[in-house]
Amino acid sequence: MSRPFYALDKPGEKGVVLGNDALARGIFEAGVIVAAGYPGTPSTEIMETLARIHKFYPYFEIEWSTNEAVGFQVALGASMCNARAFACMKHVGLNVAADTFMTATYAGAHGGFVVLSADDPNCYSSQNEQDNRYYGLHALCPVFEAINIQEAKDVIKYAFDFSEEFQSLVMMRTTTRLNHARGDLILGEINKIEDRKYNFDKDRERWTFLPSNARVQRVKQLERYEKLRTFSDNFPFTKLNMKDGAKIGLISSGIPYSYANDALLKLNLTEKISTLKLGMVFPQPEKLMEKLFENSERVVIVEELEPFLEDFAKKLAFELDIKLEIAGKKYFRRNSELNLNEVIKGLTKFLNISNPFVDLPVDIRNLHKASPRPPVLCPGCSHRSTFYALKLMEQKLGKNFVYSSDIGCYTLGFYKPIEAIDACICMGASIGMANGISKLHDGPVLAIIGDSTFFHTGIPGLIDAVYNQNDVFVIIMDNSITAMTGFQPHPGTGVKITGQPGTKIPLESIIRGAGITEDRLWIVDSNDLEQTTRAIEEAISVKGPRVLISRHPCVLFEKSIYRDKIIIPVQIDPEKCNNCMICIKNFGCPALTLYDGKVTVDGQCTGCGVCIKICPFEAISLKE
Amino acid sequence: MGLQLSRKTNMKSENKFFEKDNYNALCVGIGGTGVISASIILGWAALQEGFKVRTAETHGMSQRGGSVSSYLRFGKNLESPFMVEGDLDVLLAFEISEGLRSLRFTNKNTFIIASKNTVIPPSVLTHKSLKIDGNKCVGCGNCVAHCLPNQIYNEKGEKNYYTLMKGPTRKVINGYSTVLESCTGCVQCVIDNVCPFGAIEAFNEWEYPDVKLIEEDIKSVSNNVILLDANSIAIKVGNILTANVILLGILAGVQKIPLSPNILRETVKKFVPKKALDVNVKAFDIGFDIGINNKK
């Protein structure tokens, strides 16, 4: 096996890597001993890359945890044992881990402890775009950011040293634009941490949050915070760049700083504006800000999402009694992400100069519009088959179901032609919401949840349904992998992140354990329409908590493992086909398409054969 | 041909012709067709030329079939992974309508290499519908009776238990034939001319523009456009997945950005699967020749 660039022991070597690869490299160089997390775009590749590095350096421990809370707790436990520990999650994952996080920051870190929060401005693959810098403020936990790929590696590596020096947890906050960007990276030295003893630190008062201890730890946390506040001015990745005679200042951090940097270049303003680039966005560097304020008449803050730095800057200027104009969200949008055009637009407005880039050099107004490509379930996806069966049974039984859904590929069942999903809030909420809806709504209430999501946070909802005898029909869309984030294994697969075998926990054993009896549990092959529709019909006819496991492996994942598997696509008999379009319109598999006005099977067909059953004219069959 | 190539340009690109500090490229296409790999190859080549490299990607949620854009910037003085709209030096479009979608980044000097192949999104097919002209329709019900999906709905699954028709496709309401939501958009009623009064018209809510029109649009924005069917060439070379490498070969041949053909060729060799090395090198060289012939 050839060694990937990010796993080379060659300090000084240059390459182009993904932000997440650079972060993983930094964590590895720092000498991480335990890494844990749960997959979530845009953070997933950090753990996967660490796992690939692990193949060559198996001295550290790495795991996909059941959910972010557990992942965070695993890392916390390792830190208690004096090990460098890393917890990896997307922004909303920190909500899951927040209960532990909020109190863990009282105790602080023993071994270096870094939690990464990958935020997702513009909700590229998330249900919200919450700004997790506020978690730093909320928990008094220092928050670091990086402006490019090189810094991403360097900052997160430094974060472990910092964490040990200040005995503080550190949050590394990234955004999609850093995680999923590529750039040049120079590899650094791989730290050797040989003579450490990894025993549990029996400082019982520190780790046991009884009220009497919590009060003591709270005071210690505040003392630690004061030290962090003072240190922020000396943070090695924070840089104040004062320009002679400049009366205007700019404060920024992370990827928005990269836009601001290039915007000043594009506008030929680099020598006219002083800049403060923050590597540590919480606590903020008060002395450096003061210096910038004293020398400026106006200061602009370029940040994505909330006015986090802006609010602090205004408060600080007020406290210091310095009179100047501080502006931010007045000129930059609060929703979605920024880009170079947006930052130039905001800056020129702030400076009251004309924007030379406001008009495009080409006139595109009269050009044709490319058709949109909304997300669809993949060709051959077994979720389509389950949804189809559900829609079919809604009609046969003359009932409308309520679909309380969860986070996963099946959420795409919201779109045409399925249009099933009625609600989806966050991981694990499907069953809980369905429990509530079932108390009031007249008609079948369904909870749609995936296998990985069920393990993540679905189980308590099911136990609630059984315990309180809620009239909820739980459908587990089991494609036997964490598909949406790119095929990560989970407890139900029995494979660990390293590829080594773990202990497989069958879904049905948990469901039975939660109190679902045999007559309330159905297990079907999703692609067997006959079996699936029959199970749905039976389940709808009874009351109380009941579960259907609709199981078929993710077709893309299967394809990626069995590359040489011979696929026998379906074919359409032109004699029988009437071009009624029912298959395209109501089943909607992308492999069924129109060519020359005729319904045709294209090269994407996986040969799942579900569409054979649905054609009223029996025009579809498997190729011999 | 490989030898000839290395004799012609056996060193770093002749940077003196390239006076700009920074260069912007954009690779666009459909997920799973090598859009991002092309950008990675260009990025590594730029690194070897001693440049700073920044890339960013945007793509939809779907694993495949969605639009993918990979922004690449390289040069001496830059941080942002995005370029300013209209500031593009090179646009590589692996699917023609994706090229059309990205024209706001181009200017009249942008070098555009676009493959003419089309991937029509399934949503275009499911967004076909019918308009009924109320002035012409007399509510005779001819079209209702003729509609095959409507007949299937009325049979309530007698023909096939597993055929899903959510409702009737059309009805005569208040003396007018009315198209309902369940219409499958097969437009057979229009094709078969069932309306004696010519009141039915088919239309697309979402249209995939005609390829010829897209070509004209692309040519209208820039003076440097190469349009070709890279997929067909790739199939002839022996693997449709080499279409992206053909476009990289053309880019190497036309020499519009300071990346030497030799370094690009070596980088391609480094990044393609070992099994497909020969076919990719062949694809690159074919592209390179096309590029040389189009060098202005």
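Residues numbered from 1 in each chain as written. Chains lettered and ligands numbered in written order. Predicted model: local features only at pLDDT ≥ 70, side-chain atom pairs only at ≥ 80, totals over all residues. Heavy atoms only, no water.

Description of the overall build of chain A
Keep this limit in mind: Only DSSP runs of H or I covering at least 4 residues are called helices, and only runs of E covering at least 2 are called strands; the numbering of each starts at the N terminus. Every radius of gyration here is taken over C-alpha atoms, with the globule rule written as 2.2 Å times N^0.38, N being the number of residues. Buried residues are those whose accessible area, probed at 1.4 Å on protein chains only, stays under 20% of the maximum for their type, while exposed residues exceed 50% and partly exposed ones sit between those limits. In what follows, a contact means two residues having at least one pair of non-hydrogen atoms within 4.5 Å. A 1.4 Å probe and the Shrake-Rupley method give the accessible areas. Residues count as covered only by the protein chains that appear here. His is not counted, nor are the chain ends; Lys and Arg add positive charge and Asp and Glu add negative charge. Charge positions are represented by NZ for Lys, CZ for Arg, CG for Asp and CD for Glu.
Along chain A, the regular secondary structure elements total 21 helices and 24 strands. The C-alpha atoms of chain A give 27 Å as radius of gyration, which agrees with the globular expectation for 624 residues (25 Å, within 12%). Across its three principal directions, the C-alpha atoms of chain A cover 80 × 70 × 55 Å. The buried share of chain A, taken over its 624 residues, is 61%. Sequence-distant contacts in chain A: of pairs separated by 6 or more residues, those separated by 24 or more amount to 78%. For chain A, the accessible surface area stands at approximately 24,800 Å², while carbon and sulfur atoms represent 51% of it. Side chains of chain A give 69 positive and 74 negative charges; the mean places of these two sets differ by 1 Å.

Things to note about the environment of B:Val119
Mapped onto the elements, B:Val119 comes out in the loop between β5 (111-115) and α4 (122-126). Look at B:Val119 and you get partly exposed, because its relative accessible area is 30%. It is 27 Å that separates the C-alpha atoms of B:Val119 and B:Val254, two residues lying 135 residues apart in sequence. If near-sequence neighbours (up to four positions away) are discounted, B:Val119 is found in contact with A:Arg373, B:Ile30, B:Glu95 and B:Tyr208.

What about the pairing of strand β23 (residues 598-601) of chain A?
Residues and elements named next belong to chain A. For clarity, the cut-off: The rule for pairing is simple: two strands pair if DSSP sees at least two bridges between them.
As judged from the four bridges shared by strand β22 (residues 592-595) and β23, these two strands associate in the antiparallel manner. Residue pairing for β23: Leu594 is matched across the bridge by Val599. Hairpin connection between β22 and β23: a loop of two residues separates the two successive antiparallel strands, and Asp596 in this loop has a positive phi of roughly 60 degrees.

Some thoughts on the domain arrangement of chain A
Residue and element names in this part refer to chain A. Spelled out, the test is: Segment limits for the domains were obtained from an automatic or database-derived domain assignment. Note on definitions: buried area is the accessible-area loss of two parts on being combined, 1.4 Å probe, summed for both. In the sections that follow, a salt bridge refers to a side-chain nitrogen of Lys or Arg positioned within 4 Å of a carboxyl oxygen of Asp or Glu. Whenever a nitrogen or oxygen atom comes within 3.5 Å of another N or O atom, the pair is scored as a polar contact, on the condition that within protein one atom can donate a hydrogen and the other can accept it, and that pairs from neighbouring residues in sequence are kept only if both atoms are in side chains.
Looking at chain A, the domain boundaries give domain 1 (5-233), domain 2 (238-351), domain 3 (382-561) and domain 4 (570-622). In this structure, domain 3 and domain 4 have C-alpha centres spaced 27 Å apart. Taken together, the contact between domain 3 and domain 4 spans nine residues of the former and eleven residues of the latter. Summed over both partners, the interface of domain 3 with domain 4 comes to about 940 Å²; 67% of that surface belongs to carbon and sulfur atoms. If you sort the residues of domain 3 by the area they bury against domain 4, Arg384, Tyr388 and Pro417 come out on top, with a joint share of 54%. Counting the contacts that link domain 3 with domain 4 gives one salt bridge. The tally of links from domain 3 across to domain 4 stands at two residue pairs in polar contact (both at pLDDT 80 or more). Elements with a contribution of two residues or more to the side of domain 3 that touches domain 4: α14 (382-396), α18 (529-541) and α19 (555-561).

Quick notes on the sheet that holds strand β13 (residues 298-302) of chain A
Residue and element names in this part refer to chain A. What counts, and what does not: Axis lines are fitted to C-alpha atoms, over the contacting stretch for helices. Their N-to-C directions set the angle, which ranges from 0 to 180 degrees.
With respect to topology, five strands assemble into an open sheet ordered β9-β11-β10-β13-β14, the strand pairing being mixed. Edge strands, defined here as strands with exactly one partner in the open sheet, are β9 (239-241) and β14 (325-327). Each strand of the sheet is rotated relative to its neighbour by a mean of 15 degrees, with strand direction disregarded. Where strand β10 (residues 248-253) meets β13, five bridges bridge the pair, whose relative direction is parallel. Counted as the bridge partner of Gly249 is Val299 from β13. Lying over the sheet, helix α10 (residues 254-266) contacts β10, β11 (273-278) and β13, oriented at roughly 140 degrees with respect to β10. Against the sheet, helix α12 (residues 308-320) makes contact with β10, β11, β13 and β14, and its axis sits at roughly 165 degrees relative to β14, the strand it touches most.

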